[in-house]
Amino acid sequence: MKFLAVMASVALLAAGTTSCSSDNNDGTPGGAAELPIPESIVDGVRVRSNGLTEYTYDQLTGAPLTAKYQGMPFVFNYADTRAKTTGKQLSSIVMSSGQEGVTYNACNFAFNSKGYLTSMTESLNYGKQAITMHFTISYSSDRVTRIKYVADGYEGAEAYFDYKWDGKNLKSIDMTDNSGKAETNIYEYDYVDAPNNKYNIWTYDMTGMLSGGGHYALLFFADLGYLGLPSQALPTIYSYTSKSAKNYLIGYETDNSGRVTAIYRYDESGAQYNPTYYNYTKL
């Protein structure tokens, strides 16, 4: 079975906690990583909700406290030791409630000097299936170029999300599963009459493959500004190619300050689907 297919089945999870090792390459105690405020944040404006996920923050430090993805609750856990920036050292992100025997835990985080995530470990358990994945994230000019993960217990199981940029705008993402026969799914973006992405938001259209594979922590980190700079403009055309191509048009509403307040999507027939609405907080 293709590794991505195995992972997708395990991603049908509800909640729980698992343990993570303390092997963190940032040298902080207990595997906790100092959580900075990433340089992608503009004027202290953070996403409060985006139609899929709702976030809460520590109003004094700006550290994220909880994320609720489509009703599923996640908690950001912090070590007692104070860090230099948010005052928090992030130790894990776990689902906080759900059905017995189903767990999710992300831990062993490391960030670069600009506050962008460079590595983490993710554990998913569903019944008798369990997968632990080790991620590394690469950047060029503050923009992500590759997300790679290797899975424990699956020989040769590794996968890549390769991000390609046209200047400062995201051009495509190639998703490749190298377990068995290589398989690539391609996401492509165009920017006809595209609005400016003033507050550096990663829209779901640019990160949907992360939640689709159960990579919830990575999805949260993108929303929270820890996955580098997104496109300078917001994509207005989104295409997905696997066994067949699907194309979507994307429209935006913005407020007087240039913040995106709503995103509308249309398929090739012109039918609207899955609108999302954004709210923000300033910390």
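Our subject is the structure that appears above.
In short, a report on the structure. Fair warning: this is a prediction, and the values are worked out from it, not measured in the lab.

## Some points on the overall build of the protein
Secondary structure summary: the protein contains three helices and 18 strands in total. Within the protein, residue pairs in contact and separated by at least 24 positions form 52% of the contacts whose partners lie at least 6 positions apart. For the protein, the accessible surface area stands at approximately 12,500 Å², while carbon and sulfur atoms represent 46% of it.

## Let's talk about the nonpolar core
Grouped together as the largest cluster of nonpolar side chains are 68 residues, with contacts concentrated most on F74, I93, F109, I147, Y163, F220 and F221. Looking at which element gives the most residues to this core, the answer is helix α3 (residues 216–223), with seven residues.

## Describing unusual backbone geometry
For N108, which is not a glycine, the phi torsion comes out positive at approximately 55°. In this structure N108 comes out as buried when scored by relative accessible area, which is 9%.

## What to know about the environment of Y199
Positionally, Y199 belongs in the loop between β13 (183–190) and α2 (204–212). Placed 30 residues apart in sequence, Y199 and L229 show a C-alpha to C-alpha distance of 10.0 Å. Contacts of Y199, omitting those with residues within four sequence positions, involve V42, D43, V45, S257, G258 and R259.

## Looking at the environment of R259
In this fold, R259 is placed in the loop between β15 (245–254) and β16 (260–266). A relative accessible area of 23% means that R259 is categorised as partly exposed. Remark: the alpha-carbon pair of R259 and N279, spanning 20 residues in sequence, is separated by 8.9 Å. Setting aside residues up to four positions removed in sequence, R259 forms contacts with V45, Y199, E253, T254 and Y280. There is a polar contact of 3.4 Å between the side chain of R259 and the side chain of S257.

## Side note on empty space enclosed by the protein
On inspection of all chains with the given rule, the structure shows two cavities of 30 Å³ or more. What the largest cavity holds in volume is close to 90 Å³. Along the walls of the largest cavity sit 13 residues, with I41, V45, Y199, N200 and D223 positioned nearest its centre. When residues in the lining of the largest cavity are grouped by element, the largest group, three residues, is from strand β2 (residues 45–49). Looking at the lining of the largest cavity residue by residue, the classes come out as eight nonpolar, three polar and two charged. If you add up the space inside the second largest cavity, you get close to 60 Å³. Forming the walls of the second largest cavity are N50, L52, T53, W202, T203, Y204, T207, L219, D223, T276 and Y278. Residue assignment for the lining of the second largest cavity shows that the elements contributing at least two residues are α2 and α3.

## Let's talk about the side chain of R265
Mapping R265 onto the fold places it in strand β16. Accessibility expressed as a relative area gives 1% for R265, which makes it buried. Here N274 takes part through its backbone oxygen, which lies 2.7 Å from a polar atom of the side chain of R265. If we skip the residues at most four places from it in the chain, R265 touches Y204, D205, L249, A271, Q272, Y273, N274, P275 and T276.

## Concerning α3
When you tally the buried positions in α3, you get eight out of eight residues, the bulk of the element. Residues of α3 that are buried include every one of Y216, A217, L218, L219, F220, F221, A222 and D223, and no others. Immediately downstream of α3, the backbone of G225 shows phi near 95°, a positive value.

## Structural notes on the environment of Y248
Along the chain, Y248 turns up in strand β15. For Y248, a relative accessible area of 18% puts it in the buried group. For the pair formed by Y248 and T236, sequence separation is twelve residues and the distance between their alpha carbons is 8.3 Å. What Y248 contacts, discounting residues up to four positions off in sequence, is T236, I237, Y238, Y266, D267 and Y273.

## Observations concerning the pattern of salt bridges
It is possible for side chains bearing opposite charge to pair when their charged atoms get close. Summed over the entire model, instances satisfying the criterion amount to five salt bridges. Between R146 and D162 there is a salt bridge whose closest N-O contact spans 2.6 Å. With a gap of 16 residues between them, R146 in strand β10 (residues 143–151) and D162 in strand β11 (residues 158–166) connect regions that are remote in the sequence. Owing to a relative accessible area of 31%, R146 belongs among the partly exposed residues under this scheme.

Criteria and thresholds
- Residues numbered from 1 in each chain as written.
- Predicted model: local features only at pLDDT ≥ 70, side-chain atom pairs only at ≥ 80, totals over all residues.
- Heavy atoms only, no water.
- Helix = DSSP H or I, 4+ residues; strand = E, 2+ residues; numbered from the N terminus.
- Contact = heavy atoms within 4.5 Å.
- Areas by Shrake-Rupley, 256 points an atom, 1.4 Å probe, with all protein chains shown as cover.
- Core = buried A, V, L, I, M, F, W, Y, C linked by side-chain atoms within 4.5 Å.
- Buried < 20%, exposed > 50% of the residue type's maximum accessible area, 1.4 Å probe, protein only.
- Polar contact = N/O pair within 3.5 Å; in protein donor to acceptor, adjacent residues only side chain to side chain.
- 1 Å grid on protein atoms, 1.4 Å probe; cavity = no way out; pocket = protein on both sides within 12 Å on 5 of 7 lines; lining within 4 Å.
- Points joined across faces, edges and corners; volume = space filled by probe spheres on them.
- Nonpolar A, V, L, I, M, F, W, Y, C, P; charged D, E, K, R; others polar.
- Salt bridge = Lys/Arg side-chain N within 4 Å of Asp/Glu carboxyl O.

All quantities given are derived from atomic positions and should not be read as evidence of function.
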